[in-house]
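An overview of the molecular structure
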Amino acid sequence: MPDPPGANVPSTDKVSTSLMTDRDTIQNPYLLLTPGPLSTTLSVKEVMLRDWCTWDDDYNRGIVQVIRGKLVQLGTRAEGYTSVLMQGSGTFVVEALVGTAIAADGKLLVLSNGAYGQRIAQTARVLAIDHTVIDSGELDAHDPHNVDKALAADPAITHVAMVHGETATGMLNPVAAVGEVVRNRNRVFIVDAMSTFGGVPLDIDEIGIDFLVSSANKCIQGVPGFGFVIARESALAECEGRARSLALDLYDQWRVMEEGSGKWRYTSPTHTVRAFAQALIELEQEGGVEKRHERYRENHRVLVEGMKRLGFRCFLNESNQSPIITAFHDPEEATYEFKRFYADLKRKGFVIYPGKVTEDATFRIGTIGHVFPSDIRSLIAAIEDSIYW
Ligand SMILES: *Cc1c(COP(=O)(O)O)cnc(C)c1O
């Protein structure tokens, strides 16, 4: 995606101050209302002031193994699951997973309804993995009956991949209902929960997810640099030798982390990993995923209520809408210009996000990160004050 417009606009005006210290204000002239990287706490940033050795036990046993254990705990209380961390942004880890999980004679069914679903299909294409796509359209969630029919009709399909929260639109796909179908049909279920994991409760064992992928800089509220996969251990154990890449071999990364008590194969993003460990502590302090979900939902509720009052229309029906990010139709006035709107809000302390849907002109506002309902109220006031078209 191109850089958002207005990137060079100086931001000196007022900033959102609700839950920020003075130092935070100095470091953050604006709040990121984006789907990641997002606004993080000062304490998460502060722990990056220390250096760590990528091969040392203090780092591997002390931080990496703790993180891996906590990630599994966040995914499920059931036995038989493991986690692997992998360098790179979320897409790198999706590619590592898709490229490692599916055997040479396997076939992937991709359930898409937006840019991130399409990216999984694109990954399969680039890696020359046999695949087929069901696209439900950007406005509609996936229907488990269609998935069931597709699986019944094509026995060659070995894996099904779906995005949980489609960040392009804000859609929340019915992961439990689809998971049940995939399990009943005995296929492997891959879920891109990049933008939801840690912010929307889910139990991967109950749902029947074999591989879940997410990254450091979304709902766990860490900083960018790596992602992770939570896997059913027996499913991951079957993946030896399948990877289409050396660096993105998720199986080998897992083996080295297991045998080396947290060792990464190549240089690990030590500072990011340390920040992530702190972010996990802060997630616990907030009260866990349920509490974080409540906060995000309240952020979203305040946002939608305020935006509707100002005359904006949501892109999705509320029944399909996640609390993570919300897409709004552009105002119809001919004088509206996203670039100016964006720059004006940025000067007032809020960075919003461009649209990412194909059919309609939209923009998006994220409600995740170290962001609170009071911030959203300030945003609404800033928007009200910005409506000059
Ligand atoms: C953020 C995100 C990704 C990964 O994007 P990167 O820019 O590579 O971090 C993948 N899927 C979804 C649903 C996402 O929200």
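Structural data are supplied above this passage.
Residues numbered from 1 in each chain as written. Predicted model: local features only at pLDDT ≥ 70, side-chain atom pairs only at ≥ 80, totals over all residues. Heavy atoms only, no water.

Applying the stated criterion across every chain yields a total of 19 salt bridges. Arginine 255 is the salt-bridge partner of aspartate 252, the closest N and O atoms lying 2.8 Å from each other. Residue aspartate 252 and its partner arginine 255 are both found in helix α10 (residues 250-259); the two are separated by three residues, about one turn of the helix. On the basis of relative accessibility, which here comes to 29%, the residue arginine 255 falls in the partly exposed class. Across the salt bridge formed by glutamate 298 and arginine 301, the nearest N and O atoms sit 2.8 Å from each other. You can see glutamate 298 and its partner arginine 301 sitting in helix α12 (residues 289-309), three residues apart, about one turn around the helix. With a relative accessible area of 26%, glutamate 298 lands in the partly exposed category. Assessed through its relative accessible area of 40%, arginine 301 is described here as partly exposed. Among the ionic contacts, a cluster of salt bridges with common partners joins Asp252, Arg255, Glu259 and Arg265. (Salt bridge = Lys/Arg side-chain N within 4 Å of Asp/Glu carboxyl O. Helix = DSSP H or I, 4+ residues; strand = E, 2+ residues; numbered from the N terminus. Buried < 20%, exposed > 50% of the residue type's maximum accessible area, 1.4 Å probe, protein only.)

This part takes up the site of the ligand. Within the structure, the ligand sits among Ser89, Gly90, Thr91, Tyr116, Arg119, Val163, Gly165, Thr167, Asp192, Met194, Ser195 and Lys218. In the model, an oxygen atom of the ligand is placed 2.5 Å from a nitrogen or oxygen of the serine 89 side chain. In this structure, threonine 91 approaches the ligand through a side-chain N or O atom, which is 2.5 Å from an oxygen atom. Isolated, the ligand exposes 390 Å² of accessible area, and the fraction of that covered by the protein chains is 85%. Breaking the shell around the ligand down by element, the ones donating at least two residues are α4 (90-101) and α5 (115-126). (Near = heavy atom within 4 Å. Polar contact = N/O pair within 3.5 Å; in protein donor to acceptor, adjacent residues only side chain to side chain. Areas by Shrake-Rupley, 256 points an atom, 1.4 Å probe, with all protein chains shown as cover.)

Let us look at the environment of threonine 196. Along the chain, threonine 196 turns up in the loop between β8 (188-192) and α8 (204-207). Threonine 196 sits in the buried class, given a relative accessible area of 0%. Between the C-alpha atom of threonine 196 and that of valine 147, which follows or precedes it by 49 residues, the distance is 22 Å. Not counting the four nearest positions on each side in its chain, threonine 196 is found in contact with His164, Gly165, Leu172, Cys219 and Ile324. Within the structure, threonine 196 has its side chain in polar contact with the side chain of histidine 164 (distance 2.8 Å). (Contact = heavy atoms within 4.5 Å.)

Let us now look at unusual backbone geometry. Cis geometry is adopted by the peptide bond preceding proline 37, which originates at glycine 36 and carries an omega value of -5°. For proline 37, the position within the fold is in the loop between β1 (31-32) and α2 (42-46). Backbone geometry places asparagine 186, a non-glycine residue, at a positive phi of 60°. Looking at the secondary structure, you find asparagine 186 in the loop between α7 (175-184) and β8. Its identity is not glycine, yet glutamine 221 carries a phi of approximately 70°, on the positive side. In this fold, glutamine 221 is placed in the loop between β9 (211-215) and β10 (226-232).

Moving on to the sheet that holds strand β11 (residues 325-329). The three strands are arranged β11-β14-β13 in an open sheet whose pairing can be described as antiparallel. The open sheet has two free edges, formed respectively by β11 and β13 (353-354), since each of these has just one partner strand. (Pairing = 2+ DSSP bridges.)

On to the environment of valine 191. Considering the arrangement of structural elements, one finds valine 191 in strand β8. Spatially, the C-alpha atom of valine 191 lies 4.8 Å from that of leucine 212, the residues being 21 residues apart in sequence. Once you skip the residues sitting within four places of it in the chain, valine 191 turns out to touch Met162, His164, Val175, Ile209, Phe211, Leu212 and Val213.

Right, let's talk about helix α13 (residues 338-347) for a bit. The buried count for α13 comes to seven of 10 residues, which makes it a mostly enclosed element. Along α13, the residues classified as buried are Phe338, Phe341, Tyr342, Ala343, Asp344, Leu345 and Lys346. Buried residues in α13 make contact with β12 (350-351), β13, β14 (362-366) and α14 (373-386). Where α13 terminates, the next one or two residues include glycine 349, which has phi positive at roughly 105°.

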